[in-house]
Amino acid sequence: MKKKALITPFRLYYFLVVASALFLLIKVTPGSWPTGQPDFTATFLVWILMMGVAAAFPVRLAAGGTVDVVSALDMAAIIILGPVYAALVDVASTGIVELGVLRKGIKRSLFNVSLDVLTVLISGGVYVLAGGVVGKPETGRPFPLPASILPLVLSGITYFLTNSFLLSIIIGLSEGRSPWRVWQQDWLRSGIVQHIGIILLGAIIAIVYFQVKLWGVLLFFVPLLLVRYVHKLYVDVREDLVGFVRALTKVVDGIDSYTKEHSTRVAEYAVTLARGMGLSEAHVETIELAALVHDLGKISKPEQWEIVKKEGSLTKDEINTIREHPTDGAKIVESVRLLKKPSQLVWSHHERPDGKGYPFGLKDGDVPMGARILNVADSFDAMTSDRPYRKALSIEKAIEELAKHAGTQFDPDVVECLLKLYDADKFKLIR
């Protein structure tokens, strides 16, 4: 006899979103087509077309979400057609594109349509409750500004938060990740101000419609697609930066067999520790980038290459030379504008709580938290890897060494976090 499938959090959440959207749509949909505006039908159909085109070219985000300029058209539809008909436009346009163009399948398309319906009805409800005007103003009267600014802003923010959080939850549940961290990765990383700006751009589209009718909106649609293109470039630049840094890391780690994949492992350890300490995803990303290039200074001078590969003890001069690598690496990294923050961590990743580190001799809280995490991650990987002068230590012995020197060589809070993660089987040796 087969066991009944358990209702997982993913399935329960999926059902709640779809059921809520269907319930609200049935509850608020009027029984008859509006006849008060002679161009209402044409506007409704043109909006389906424009939103379909916009939805067919989404911009993929890092954690699995997408963004497009549909949000601007949604906002305009709320103002011009009203929340209910704006939601019906979403049902038609999203359904056609998801199933017919992008071919995402019925289950995924149904969820995305439901997500759009909930987003539009909730943000549209906020717009109406805040006193926003729906539909074309009386003849000869302009759209009421600045009286409508507050309803537009509140509705735009509600739209962004509703859409981004509902989507982050489904991604997190489907992939076993924290929805909060998915939200930070996708929507904070790619520019929260830009997202809200695109949404509020819809208000401008609505005002254009009221002033010059539908032809003005069609002319405005081309610049709107350019906004999508610029946003995609922004997202691509950030992704290309990470790709470039990872490629550069392979060069650094490839100087000899003992350091192969060292920076990649340090980055993974550092990310685990940073998240374990509850740091934001923006901070985690900075630490990850710094970890990937933390040893870049070791290949900046030929003499350092030889020292890194040397077997046996180092002379005093060799020690002083190798201690220049944080400064050398930071100077290289900071020349890239998007790596300014990571460069500060590269500079100070060999500082110690007791002030005996280098190059500045910083103490305790003067050392950036990211650098303290890098120090622990870097040392842990060094201890658990084979080196020319010794064999790798076991993970238990390495942790013992970290605990022994916590407060002097290593930040005690970071070491404590590592110990807790290890005890919970969440910090494992990478080979």
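What counts and how
- Residues numbered from 1 in each chain as written.
- Predicted model: local features only at pLDDT ≥ 70, side-chain atom pairs only at ≥ 80, totals over all residues.
- Heavy atoms only, no water.
- Salt bridge = Lys/Arg side-chain N within 4 Å of Asp/Glu carboxyl O.
- Buried < 20%, exposed > 50% of the residue type's maximum accessible area, 1.4 Å probe, protein only.
- Helix = DSSP H or I, 4+ residues; strand = E, 2+ residues; numbered from the N terminus.
- Contact = heavy atoms within 4.5 Å.
- Core = buried A, V, L, I, M, F, W, Y, C linked by side-chain atoms within 4.5 Å.
- 1 Å grid on protein atoms, 1.4 Å probe; cavity = no way out; pocket = protein on both sides within 12 Å on 5 of 7 lines; lining within 4 Å.
- Points joined across faces, edges and corners; volume = space filled by probe spheres on them.
- Nonpolar A, V, L, I, M, F, W, Y, C, P; charged D, E, K, R; others polar.
- Axes fitted to C-alpha atoms, helices over the stretch in contact; angles between N-to-C directions.
- Parallel < 35°, antiparallel > 145°, perpendicular 65-115°, else oblique.
- Left-handed = near helix turned anticlockwise from the far one by under 90°.

A. Inspection of the pattern of salt bridges at higher detail. Under the defined criterion, the tally for this structure stands at 12 salt bridges. R177 is the partner of E175 in a salt bridge, and the nearest nitrogen-oxygen pair spans 2.5 Å. For R177, a relative accessible area of 29% gives the class partly exposed. Between D425 and K428 there is a salt bridge whose closest N-O contact spans 3.8 Å. Overall, the relative accessible area of 52% leaves D425 in the exposed class. Looking at K428, the relative accessible area reads 51%, which means it is exposed. Connected via shared salt-bridge partners are R181, R275 and E281.

B. Representation of the side chain of E98 in the model. On the secondary structure map, E98 appears in helix 4 (residues 83-101). For E98, a relative accessible area of 8% corresponds to the buried category. What E98 contacts, discounting residues up to four positions off in sequence, is R103, K104, R108, S109 and N112.

C. Broad picture of the nonpolar core. The biggest cluster of nonpolar side chains holds 64 residues, and the ones touching the most others in it are W47, L73, I79, I80, L81, I205 and L224. Among the elements of the structure, helix 1 (9-28), helix 2 (40-55), helix 3 (70-80), helix 4, helix 5 (106-129), helix 6 (149-175), helix 7 (179-188) and helix 8 (192-253) are those that each provide at least two residues to this core. Of all the elements, helix 8 adds the most residues to this core, at 13 residues. Core analysis: the next-biggest nonpolar cluster, separate from the first, contains 45 residues, L241, V242, V271 and F427 among them.

D. Representation of empty space enclosed by the protein. Tallied over the entire structure, the rule returns 3 cavities of 30 Å³ or more. Volume-wise, the largest cavity comes out at about 60 Å³. E351, R352, P353, D364, V367, R372, N375, F410 and D411 together form the lining of the largest cavity. Looking at the lining of the largest cavity, its residues break down into 3 nonpolar, 1 polar and 5 charged.

E. Quick look at the packing of helix 3 against helix 5. Here helix 3 crosses helix 5 at 50°, and the two axes come no closer than 10 Å. With respect to helix 5, the element helix 3 is oriented oblique. In the packing of helix 3 onto helix 5, the handedness of the crossing is right-handed. Only V120, S123, G124 and Y127 of helix 5 make contact with helix 3, whose side of the interface consists of D74, I78 and I79. The class makeup of the residues in the contact of helix 3 with helix 5 is 4 nonpolar, 2 polar and 1 charged.

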